[in-house]
Amino acid sequence: MRKELLTKAYVDYQDRRFYSSIPLFLMLSDGIVSDLKGTGLAAGKTDYDVWDSISGLDSGMKKVAQIYNSMRTKTNDEPIYLPYRNGILHGRDLNYDNDLLATKCLALVWYLHDWIRQVEDEAYRKDKFDQARIKSEELTMGSLIKKVTDHRFKMNDDKNLTKK
């Protein structure tokens, strides 16, 4: 649903129109998380954890969300290099137009892309893990010894049959 706006934001980023790409990346990131989790990136209660995934590192995303959601109560015309969503989107941080901040916002979008894939794939990966664990539990030392012993007796029985 956001492909057209993401494409426009990326084109603006490539053309160094950071004043345009940064707010778009921030808005779209918030909407992406909101669609997936029911609460936006700016919400302090959003759970970012994903089972068995490096992109689901809850503590890292919470830190990003804290920066993203920092209260910006005074107008600031000094350059900023962190993605203060509230300050940028509410007109408090006026000097956000720089390549470092734009790159951080783009990196957030890429991170969210990976995170979305891991969230959507989580049930499948858990099931696959559980199936592998069940198979590995079936192969215990006792069951391995029994298989080898059964195989040896079967081979002996086959030899005895061929002798007769």
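To be clear, the structure that these remarks concern was listed above.
Residues numbered from 1 in each chain as written. Predicted model: local features only at pLDDT ≥ 70, side-chain atom pairs only at ≥ 80, totals over all residues. Heavy atoms only, no water.

On to the pattern of salt bridges. Side chains carrying opposite charge are able to pair once their charged atoms draw close together. Summed over the entire model, instances satisfying the criterion amount to seven salt bridges. Taking the shortest distance from any N to any O, the salt bridge between aspartate 12 and arginine 17 comes out at 2.5 Å. Residue aspartate 12 is classed as buried on the basis of its relative accessible area of 12%. Arginine 85 is the partner of aspartate 30 in a salt bridge, and the nearest nitrogen-oxygen pair spans 3.6 Å. Taken together, the positions of aspartate 30 in helix α2 (residues 18–37) and arginine 85 in helix α4 (residues 85–89) put the pair 55 residues apart, joining distant regions of the chain. Bridged by salt links that share partners, the residues Asp12, Asp15 and Arg17 form one connected network. (Salt bridge = Lys/Arg side-chain N within 4 Å of Asp/Glu carboxyl O. Buried < 20%, exposed > 50% of the residue type's maximum accessible area, 1.4 Å probe, protein only. Helix = DSSP H or I, 4+ residues; strand = E, 2+ residues; numbered from the N terminus.)

Note: most residues except glycine have negative phi, and most peptide bonds are trans. Even without glycine at this site, arginine 16 takes up a positive phi of about 65 degrees. Topologically, arginine 16 is positioned in the loop between α1 (3–14) and α2.

Here arginine 85 falls in the buried class, since its relative accessible area comes to 17%. Side chain to side chain, arginine 85 and asparagine 86 meet in a polar contact 2.7 Å long. (Polar contact = N/O pair within 3.5 Å; in protein donor to acceptor, adjacent residues only side chain to side chain.)

Let us look at α2. Helical geometry note: an α-helix holds 3.6 residues per turn, so side chains three or four residues apart project in the same direction. Spanning 20 residues, α2 covers 28 Å between terminal C-alpha atoms, matching the ideal 28 Å at 1.5 Å per step. Looking one or two places after α2, you find glycine 38, whose phi comes out positive at around 85 degrees. (Expected span 1.5 Å × (residues − 1).)

So, on to the nonpolar core. Counting residues in each nonpolar core, the largest one holds 28 residues, and the members touching the most others are Ile22, Phe25, Leu41, Ile88, Leu101 and Trp115. Among the secondary structure elements, those contributing two or more residues to this core are α1, α2, α3 (58–68) and α5 (99–138). At 10 residues, the largest contribution of residues to this core is made by α5. Filtering out sequence-adjacent residues up to four positions away, isoleucine 88 remains in contact with Ile22, Pro23, Leu26, Ile80, Asp93, Tyr96 and Leu101. (Core = buried A, V, L, I, M, F, W, Y, C linked by side-chain atoms within 4.5 Å. Contact = heavy atoms within 4.5 Å.)

This part takes up a nonpolar patch on the surface. Judged by side-chain polarity, Met141, Leu144, Ile145 and Val148 come together as a nonpolar surface patch covering roughly 390 Å² of accessible area. The topology assignment puts valine 148 in helix α6 (residues 141–163). Overall, the relative accessible area of 46% leaves valine 148 in the partly exposed class. (Patch = residues over 30% accessible without salt bridge, like charges linked within 9 Å, V, L, I, M, F, W, Y side chains within 5 Å. Areas by Shrake-Rupley, 256 points an atom, 1.4 Å probe, with all protein chains shown as cover.)

A rise of 1.5 Å per residue sets the reference length of α1, with its 12 residues, at 16 Å; its end C-alpha atoms lie 16 Å apart and thus fit the reference within 8%. For α1, every residue scored as buried is listed here: Ala9, Asp12 and Tyr13. Projected onto a plane normal to the axis of α1, the buried residues spread over an arc of 105 degrees and lie on a single side. Along α1, the residues that are exposed and aim more than 90 degrees away from the buried face are Lys3 and Glu4. Where α1 terminates, the next one or two residues include arginine 16, which has phi positive at roughly 65 degrees. (Arc of directions from axis to C-beta.)

With that settled, consider the packing of aromatic side chains. The final tally for this structure, using the stated rule, is three aromatic pairs. When the centroid spacing of 6.1 Å and the interplanar angle of 20 degrees are considered together, the rings of tyrosine 10 and tyrosine 13 count as stacked. Taken together, the residues tyrosine 10 and tyrosine 13, both in helix α1 and three residues apart, mark about one turn of the helix. Residue tyrosine 10 is classed as partly exposed on the basis of its relative accessible area of 32%. Put simply, the rings of Tyr10, Tyr13, Phe18 and Phe25 pair up and form one aromatic cluster. Positioned over the ring face of tyrosine 84 is arginine 72, at 3.8 Å from the centre of the ring. (Phe/Tyr/Trp six-rings, centres within 6.5 Å; stacked < 30°, edge-to-face > 60°. Lys NZ or Arg CZ within 6 Å of the ring centre and 35° of its normal.)

Position of glutamine 118 relative to the elements: it lies in helix α5. Counting along the chain gives 68 residues from glutamine 118 to valine 50, while the straight-line C-alpha distance between them is 6.9 Å.

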